[in-house]
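Residue strings, one per chain:
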Amino acid sequence: MIFPLTWLYVPGDRPHVVIKALASGADVVVIDLEDAVAPDRKAYARAAAAELLSDPQPTPVHVRVNALDGPFAAADLTALASLPGLSGLRLPKVSTPEQVVHIAELQPGPPLYALLESALAVEHAYAIASAHPALHGIALGEADLRADLGVRHDAGLDWSRSRVIVAARAAGLPPPPQSVHPDTRDLNGLTASCAHGRTLGFLGRAAIHPRQLPVIERAYLPTEKELEHAETIIKAATGDQGAQALPNGTFIDAAVVAAAQRTLSLACRR
């Protein structure tokens, strides 16, 4: 299985930018109908997304619909949910599992991804992550969460980040991607932030400019040392004598083997 590492957000009311994003090399292109689009452009953005997604796309395309409790979400879901080019619906500002269940039953079919952007959402993280089989992933929306919590320093979000990562894995979902790094020119800062996110357990990251994509991919691809270690684990777990220990005596179990397999699957992207 190839895990997405890069999720490129593009404004839904700029279809020419969406076309460029599809050729950017991003693993997933996310057409944003919410934060990136002014209220008087919502209908145009929705129609432009529907036109593009009327045909299958070579790159997976998700759509971030408008806030579920707002005036635009129902029209977004009606227009887009059944289109052949849609690979997923990203639901902003989810705070309860009931919201996920409602959308899953209202629009059966497309995979759903919940964005947790408030203290209440973080508190309900596992309930949301396990709410319905149609939910394929969760992620943090850090800008809104930062405002809700009154956090000024980035480290103040680490508990929430870990909470969401643990909730995703406990529910059997993939590790979530990191939220966006808003300064598109600060590639050194992006690199450092990705390194920190990787230590927390994130896998990949959302981006808002193509120049961020190679930085994110480079940060999340396994190193040669990590690949060598993963290969050692797999060899020990599948040896003729059924050995379950590394040559240095370190014990390995099924979870360690699964992590090694994920590392090797990421290497296929090289």
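The structure contained in this document is the topic of the report that follows.

Rules used throughout
- Residues numbered from 1 in each chain as written.
- Predicted model: local features only at pLDDT ≥ 70, side-chain atom pairs only at ≥ 80, totals over all residues.
- Heavy atoms only, no water.
- Pairing = 2+ DSSP bridges.
- Helix = DSSP H or I, 4+ residues; strand = E, 2+ residues; numbered from the N terminus.
- Axes fitted to C-alpha atoms, helices over the stretch in contact; angles between N-to-C directions.
- Contact = heavy atoms within 4.5 Å.
- Left-handed = near helix turned anticlockwise from the far one by under 90°.
- Nonpolar A, V, L, I, M, F, W, Y, C, P; charged D, E, K, R; others polar.
- Buried < 20%, exposed > 50% of the residue type's maximum accessible area, 1.4 Å probe, protein only.
- Phe/Tyr/Trp six-rings, centres within 6.5 Å; stacked < 30°, edge-to-face > 60°.
- Arc of directions from axis to C-beta.

## A few points about the sheet that holds strand S6 (residues 135-140)
Hydrogen bonds between backbone atoms are what pair the strands of a sheet, whose relative direction is either parallel or antiparallel.
Now for step 1: One open sheet accounts for seven strands, arranged S6-S5-S4-S3-S2-S1-S7; its pairing is parallel. Each edge of the sheet is formed by a strand with only one pairing partner; in this case those strands are S6 and strand S7 (205-207). Each strand axis lies, on average, 25° off the axis of its neighbour in the sheet, ignoring direction.
Now for step 2: Looking at chain direction, strand S4 (residues 88-91) and strand S5 (residues 112-116) are connected through three bridges and run parallel. The residue bridging Arg90 from the neighbouring strand is Tyr113, located in S5.
Now for step 3: Helix H1 (residues 15-22) rests against strand S1 (6-11), strand S2 (28-32) and strand S3 (61-64) of the sheet, and its axis sits at about 165° to S1.

## Overview of the packing of helix H9 (residues 187-200) against helix H10 (residues 213-220)
To characterise two packed helices, one gives the angle between the axes of the helices and the distance between these axes.
Now for step 1: At their nearest, the axes of H9 and H10 sit 9 Å apart, and the two run at 30° to each other. For the pair H9 and H10, the sense of crossing is right-handed. Of the residues in H10, those in contact with Leu187, Leu190, Thr191, Cys194, Gly197 and Arg198 of H9 are Val215, Ile216, Ala219 and Tyr220.
Now for step 2: Each residue belonging to the contact of H9 with H10 can be placed in one class, and the counts come to seven nonpolar, two polar and one charged.

## Some remarks on the environment of Gln261
Now for step 1: One can find Gln261 in helix H12 (residues 254-267).
Now for step 2: Given a relative accessible area of 47%, Gln261 falls into the partly exposed group.
Now for step 3: For the pair Gln261 and Leu120, spaced 141 residues apart in the sequence, the C-alpha separation amounts to 34 Å.

## Brief notes about the environment of Pro39
Now for step 1: Along the chain, the position of Pro39 falls in the loop between S2 and helix H2 (42-52).
Now for step 2: For Pro39, a relative accessible area of 60% puts it in the exposed group.
Now for step 3: For the pair Pro39 and Thr238, spaced 199 residues apart in the sequence, the C-alpha separation amounts to 57 Å.

## Topic: the packing of aromatic side chains
Note on aromatic pairs: each is described by the distance of the centres and the angle between the planes.
Now for step 1: Throughout the structure, instances matching the rule amount to one aromatic pair.
Now for step 2: Geometrically, the ring pair formed by Trp7 and Tyr113 is edge-to-face, given 6.1 Å between the ring centres and 65° between the ring planes. You can see Trp7 sitting in strand S1 and its partner Tyr113 sitting in strand S5, a full 106 residues away along the chain.

## Here's the deal with H1
Now for step 1: All buried positions along H1 are accounted for by Val17, Val18, Ala21 and Leu22. Buried residues of H1, viewed axially, fall in a sector of 145°; they line one side.
Now for step 2: In this fold, the buried residues of H1 make contact with S1, S2, H2 and S3.

## Details of unusual backbone geometry
Now for step 1: We note that Lys93 has phi near 55°; this positive angle belongs to a residue other than glycine.
Now for step 2: By the element assignment, Lys93 lies in the loop between S4 and helix H4 (97-106).
Now for step 3: Classification of Lys93 as partly exposed rests on a relative accessible area of 31%.

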